[in-house]
Amino acid sequence: MRVRVLFVAWFFMSSMIWAMGELPFETTVVVPTVKYVREFGLPGSGERQFYYPNDVDCDQSNIFVADTGNNRVQALDQEGGFAYQFGGFGMEAGKFNSPVGLAVDFNFRIYVSEKDNDRIQLFDIRGNYISDAAAGEYGYRKLNDPAGMDVDPLGNLYIADAGNDRILKLSDSGELLEEVGGFGYGAGFFDGPEDVAVDQERYVYVADTKNHRVQKLDYDGRPILSFGKMGTAPGEFFMPKGIAVDKSFIYVSDSGNHRLQIFTKHGQLVLTFGKKGSGKGEFNTPVGIAVGSKGQIYIADSGNHRIQELLVSY
């Protein structure tokens, strides 16, 4: 009888998950290992120096850093050496006022979001200005403190429009395809979301910052999963501001708790890494995260004015 009851409970839970667009979670979770590899940068405004970097992304050749306090983007090579930079303070095309997010697409173009200019600019891979990718009104509301971004496998751009408590989905030509959210605490609503990530199956993961949680949406913008709450225990968050995904895991910068947390795609905690400090593998307000092709995790360790590289194995 106990086996039958357990089976019925499992079948009911699985049916509920399938109805929400998800597959049932696996009972066996592979726990990854994380180790510190190296760090890039020092406080300052020179080459390979940063002032409150807020985001990071990478391609096969370079690591790109939104060097927020210096109003520029720096490109580093795979060894962490200075490659080139672009930007500088200003409101005109090609200049920045608090660049806080960036994303590199598969056409080797770079999107840069600016908190204080309320716009997103598009550059080629060498930092030459192409166009304004997003500016003005979307759904009768102007961009307001746009933050983290990601590009899906079809080339669509997702924007965490933090000041409007929503996620925007734009085509690669800038057409508004979808607007999800609005201020609130329920499923599918947000409070100051600071980052967004999209996986190869086009599921969307949102760092719902001021709600101290992560939400997962399907490709039509419907909420299917929420996990986390305000706190300091493993699996809890305090102002999560960065999120990234790979084929197996969700990586969250638990910024206020100065640590990295790793979850399965079903929201199960598998690992907590780091603590507050300035040593190797320690953080001071970690923000943006990028996942490399060989298990590298790059984290904008903002309060320490550096980028840390970790290696994830599983």
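Residues numbered from 1 in each chain as written. Predicted model: local features only at pLDDT ≥ 70, side-chain atom pairs only at ≥ 80, totals over all residues. Heavy atoms only, no water.

Draft legend 1. Local environment of unusual backbone geometry. Unlike most non-glycine residues, tyrosine 52 shows phi in positive territory, near 50 degrees. Residue classification places tyrosine 52 among the partly exposed residues on the basis of a relative accessible area of 41%. The backbone phi angle of tyrosine 140 is positive, close to 70 degrees, even though this residue is not glycine. Following the sequence through the fold, tyrosine 140 ends up in the loop between strand 12 (137–138) and strand 13 (141–142). (Buried < 20%, exposed > 50% of the residue type's maximum accessible area, 1.4 Å probe, protein only. Helix = DSSP H or I, 4+ residues; strand = E, 2+ residues; numbered from the N terminus.)

Draft legend 2. Fine view of the sheet that holds strand 25 (residues 269–273). Here we have 4 strands laid out as an open sheet, ordered 22-23-24-25, and antiparallel in their pairing. Every other strand in the sheet has two partners, leaving strand 22 (242–245) and strand 25 as the edge strands with one partner each. Between one strand axis and the next, the sheet turns through 15 degrees on average, direction left out of account. With 4 bridges joining them, strand 22 and strand 23 (residues 249–254) adopt antiparallel strand pairing. In the strand pairing of strand 23, valine 245 is matched with isoleucine 250. (Pairing = 2+ DSSP bridges. Axes fitted to C-alpha atoms, helices over the stretch in contact; angles between N-to-C directions.)

Draft legend 3. Quick peek at the pattern of salt bridges. If you walk through the whole model with that rule in mind, you get 18 salt bridges. Each member of the salt-bridge network shares a partner with another, and the members are Arg141, Asp161, Arg166 and Glu179. (Salt bridge = Lys/Arg side-chain N within 4 Å of Asp/Glu carboxyl O.)

Draft legend 4. Main features of the confidence of the model for the chain. Averaged over the chain, the pLDDT score is 91; the fraction of residues at 70 or greater is 91%. Scored below 50 in pLDDT, residues 1–25 shows 19 contacts in the model against residues more than four places distant or in partner chains. (pLDDT = per-residue confidence, 0-100. Contact = heavy atoms within 4.5 Å.)

Draft legend 5. Structural context of the sheet that holds strand 17 (residues 176–181). Overall, antiparallel pairing links the 4 strands, which are arranged 14-15-16-17 in an open sheet. The sheet terminates laterally at strand 14 (146–151) and strand 17, the two strands that pair on one side only. Strand-to-strand twist of the sheet, defined as the mean angle between neighbouring strand axes without regard to direction, takes the value 20 degrees. Looking at chain direction, strand 16 (residues 166–170) and strand 17 are connected through 5 bridges and run antiparallel. In the sheet register, isoleucine 167 faces strand 17, and the bridge partner there is valine 180.

Draft legend 6. Just the pairing of strand 10 (residues 119–124), in detail. For strand 10, the tally of buried residues reaches 5 of 6 residues, placing the bulk of the element in the interior. In textbook terms, the turn of a hairpin is the stretch between consecutive antiparallel strands, and for strand 9 (residues 109–114) and strand 10 this stretch comprises 4 residues, one of which, aspartate 118, has a positive phi near 50 degrees. Here strand 10 pairs with strand 11 (residues 129–135) via 5 bridges, running antiparallel. If you follow isoleucine 120 over to strand 11, its bridge partner there is alanine 134. From the end of strand 10 to the start of strand 11, which pair antiparallel, there are 4 residues, and glycine 127 there has a positive phi angle of about 90 degrees.

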